[in-house]
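Results of the structural survey
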Amino acid sequence: MVDPNFQTTGLVASLRDVSPRPTCDISFTFSDKTTGEKSELFAHKLILACGSPVFMAQFYGDIKEEKDSIPVEDSSIEAFKVFLDVLYNKEVPLKEMDYQFLGEFFYLADKYHLHLLKNSIVREVSYRKIVVEEMLEAAKVAEIYAPLEEFSNSLHQICSSFVRDNLERVLKVFEDEEVGEDSSRILHRLMARASRSKPKPHLVPICENCKHDPCLNGVKLTEDNFVAGASVSRVDALYSKILRTLTTCDNSTANYFKSGQKHQVVFNRLMYRCE
């Protein structure tokens, strides 16, 4: 999954790793809360600014950041490193992240206004099939990140669905928890939420453009998710106002109309634009 940054190229994607200095002009410093160990990540202001309006204002706005080293206190270095990878157009494996890491990742996406990344994280959570061993962890993370409603609600939704469909297994978890413990209280709140929630309908697609639920806004086009008549844009033109209308597809290519003329391009060069 990549949140497209129209200013970056394959060269830029590897620039931070190949030569962190002297080309980097900004660093982010971290201090381990347990050991006090210091660590640092290097980056390029221009690349970050092209990917995030928050960084654009911070580095090139009217009241710009003058320091070349910024302490980070609200994120782990592991989550922040992956977040920087997104801005450098690197592939980020959301499926391999646990719920706590996804929460950290969503927090950073929200803080730096990466809306496509936020949508991708929520979509990843919504598609997951939770198992009983993960239920309590997921419910805890949902409560920790309650202020981030989109992320928290997506976690609560899959937890509630699991409770409704696996009541006996959930009751067994209750037996293993001490009354009054934090885990027990979380389980009680989860049971109450599940009893109030209704199963999510799947009969009618929510998005009128991509005809998918969840919406595929920002997702690359494939033969499997192709929808004739949908609006798309080029992956390398994320902020362009010029949209294409899909017509037909053939193997690995899609046909579309732009400004009244027919064009053809390979699937992974296009992404859905639903907002």
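Calculation criteria
Residues numbered from 1 in each chain as written. Predicted model: local features only at pLDDT ≥ 70, side-chain atom pairs only at ≥ 80, totals over all residues. Heavy atoms only, no water. Helix = DSSP H or I, 4+ residues; strand = E, 2+ residues; numbered from the N terminus. Expected span 1.5 Å × (residues − 1). Buried < 20%, exposed > 50% of the residue type's maximum accessible area, 1.4 Å probe, protein only. Contact = heavy atoms within 4.5 Å. Pairing = 2+ DSSP bridges. Axes fitted to C-alpha atoms, helices over the stretch in contact; angles between N-to-C directions. Polar contact = N/O pair within 3.5 Å; in protein donor to acceptor, adjacent residues only side chain to side chain. Salt bridge = Lys/Arg side-chain N within 4 Å of Asp/Glu carboxyl O. pLDDT = per-residue confidence, 0-100. Parallel < 35°, antiparallel > 145°, perpendicular 65-115°, else oblique. Left-handed = near helix turned anticlockwise from the far one by under 90°. Nonpolar A, V, L, I, M, F, W, Y, C, P; charged D, E, K, R; others polar.

**Quick word on helix α5 (residues 99–111)**
With 13 residues, α5 ought to run about 18 Å at 1.5 Å a step, and its terminal C-alpha atoms sit 18 Å apart, in line with that. Listed in full, the buried residues belonging to α5 are Tyr99, Phe101, Leu102, Gly103, Glu104, Phe105, Phe106, Leu108 and Ala109. Check the buried side of α5 and you find it contacts α4 (77–87), α6 (115–127), α7 (132–144) and α8 (149–165).

**Details of the sheet that holds strand β1 (residues 26–31)**
Reading across from one edge, β2-β1-β3 is the order of the three strands in this open sheet, with mixed pairing throughout. Among the strands making up the open sheet, the edge pair consists of β2 (38–43) and β3 (69–71). When the angles between neighbouring strand axes are averaged without regard to direction, this sheet yields 25°. Summarising the sheet, β1 and β2 pair through six bridges and their orientation is antiparallel. Bridging across to β2, Phe30 finds its partner in Ser39. Packed onto the sheet, α4 meets β1 and β2 and runs at close to 5° relative to β2.

**What to know about the environment of Gln100**
Mapped onto the secondary structure, Gln100 falls in helix α5. Considering only alpha carbons, one finds Gln100 and Ala138, 38 residues apart in sequence, at a separation of 7.9 Å. When neighbours within four sequence positions are excluded, Gln100 is seen to be in contact with Glu137, Val141, Ile144 and Tyr145. A polar atom in the side chain of Gln100 sits 3.0 Å from the side chain of Tyr145.

**Focus: the pattern of salt bridges**
In this structure the tally under the stated criterion is six salt bridges. Lys90 is the partner of Asp85 in a salt bridge, and the nearest nitrogen-oxygen pair spans 4.0 Å. Taking the relative accessible area as the measure of exposure, Asp85 reaches 11% and is therefore buried. With a closest N to O distance of 2.9 Å, Asp110 and Lys118 form a salt bridge. Of the residues examined, Asp110 reaches a relative accessible area of 29% and is grouped as partly exposed.

**Looking at the confidence of the model for the protein chain**
Parts of the prediction with low pLDDT should not have their coordinates interpreted in detail. Summing up the model confidence of the protein chain, the mean pLDDT is 81 and the portion of residues at 70 or higher is 81%. Ranking the helices and strands of the protein chain by mean pLDDT puts α5 first, with 96, and helix α1 (residues 10–18) last, with 58. Per-residue pLDDT stays below 50 along residues 1–9; that stretch engages in 34 contacts with residues further than four places along the chain or on separate chains.

**Here's the deal with the packing of α5 against α8**
Interhelical geometry of α5 versus α8 gives an angle of 155° and a closest axis separation of 10 Å. On the basis of the axis angle, α5 is roughly antiparallel to α8. Crossing of α5 against α8: the hand is right-handed. On α8, the residues touching Tyr99, Leu102, Gly103 and Phe106 of α5 are Glu150, Phe151, Leu155 and Ile158. When grouped by side-chain class, the residues that make up the contact of α5 with α8 number six nonpolar, one polar and one charged.

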